[in-house]
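The lines below spell out each chain.
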Amino acid sequence: MNDIAKGLDRRTFVTGAGLSLAAAGMAALAGCAPQTGAGEEKMAATGAADDIAWDKEADLVVVGMGAGGLGAALQAIDAGASVIVVEKAKTPCGDAQYSHGVIMGSGSRMDDEKGVHVSMEEIEAEAWYLNEIPNMAFAHYVVEQAGDLLNWLEDHDMPFSNPDDLINITYSELPIYHEFEGWGAAFHVLADQVEAGTQEVMYDTRATRLVQDGE
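Source: prediction; values computed, not measured.

1. A word on the side chain of Asp111
No. 1: With respect to the secondary-structure elements, Asp111 resides in helix α4 (residues 109–113).
No. 2: Buried charge without a partner: Asp111 forms no salt bridge, and the closest opposite charge is Lys114, 8.8 Å away.
No. 3: Here Gly107 takes part through its backbone nitrogen, which lies 3.4 Å from a polar atom of the side chain of Asp111.
No. 4: Within the local environment of Asp111, its side chain forms a polar contact with the side chain of Ser108, the two groups lying 2.5 Å apart.

Dropping the structure here:
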């Protein structure tokens, strides 16, 4: 792992990858097996790291190219790290591409330009699903970083189609829900950037084991 990868601190990484949690490791990944037909044996890596012949290495390996994986990969690319993405499906974006494409938050440039501000306390009281997160400190952190996340998405050319008052009454009467133009299909904008900036995107490939130094 190089100095650039070491510089990806938790705060920076979570802000960029805050769409959801991604399974990612700062170690080379072993056990990547292309999908096979019924009855065919899949390749699998066995043994400790020292016993494996590595044919692909990167500063960061991202497992899964859904919303979280896209954010994780792009944040690492922006920091100058080499990245490999492993995706078991034949296409990117996962279930996110079928979503309503709505991101909750306040305090972004978009909000400031419209003179809209909602307090953290109001958001936490209104966004009922935050109460279902076992770790409330993490839920608080998600709300606190939401403005930075919205700015990050805008900086990465995600197209927003917000009404003038930023209110999407499908979710709340508070002006805290920001919608992508084209809904979840907009995540392909990020996928194109990942494909252009990564060392390699391995589609149709399932990760079967993560091998770390000292295992």
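2. Remarks on unusual backbone geometry
No. 1: In this model, Cys93 sits at a positive phi of 85 degrees, which is unusual for a non-glycine residue.
No. 2: In this structure, Asp157 takes a positive phi of about 65 degrees despite not being glycine.
No. 3: Positionally, Asp157 belongs in the loop between α6 (136–155) and β6 (177–179).
No. 4: For Asp157, a relative accessible area of 56% translates into the label exposed.

3. Quick look at the pattern of salt bridges
No. 1: Taken as a whole and assessed by the stated rule, the structure comprises four salt bridges.
No. 2: Here Glu200 and Lys56 are joined by a salt bridge, their closest N and O atoms 3.0 Å apart. Highlighted residues: Glu200 in strand β7 (residues 200–202) and Lys56 in the loop between β2 (30–34) and β3 (60–63), separated in sequence by 144 residues.
No. 3: With a relative accessible area of 30%, Lys56 lands in the partly exposed category.
No. 4: Between Glu154 and Arg109 there is a salt bridge whose closest N-O contact spans 3.3 Å. With Glu154 in helix α6 and Arg109 in helix α4, the pair connects residues that are 45 residues apart, well separated along the chain.
No. 5: With relative accessibility at 29%, the residue Glu154 sits in the partly exposed group.
No. 6: Note on Arg109: relative accessible area 33%, which makes it partly exposed.
No. 7: What you see here is one network of salt bridges that share partners, running through Arg109, Glu154 and Asp155.

Thresholds, definitions, all that
- Residues numbered from 1 in each chain as written.
- Predicted model: local features only at pLDDT ≥ 70, side-chain atom pairs only at ≥ 80, totals over all residues.
- Heavy atoms only, no water.
- Helix = DSSP H or I, 4+ residues; strand = E, 2+ residues; numbered from the N terminus.
- Buried < 20%, exposed > 50% of the residue type's maximum accessible area, 1.4 Å probe, protein only.
- Lys, Arg positive; Asp, Glu negative; His and termini not counted.
- Salt bridge = Lys/Arg side-chain N within 4 Å of Asp/Glu carboxyl O.
- Polar contact = N/O pair within 3.5 Å; in protein donor to acceptor, adjacent residues only side chain to side chain.

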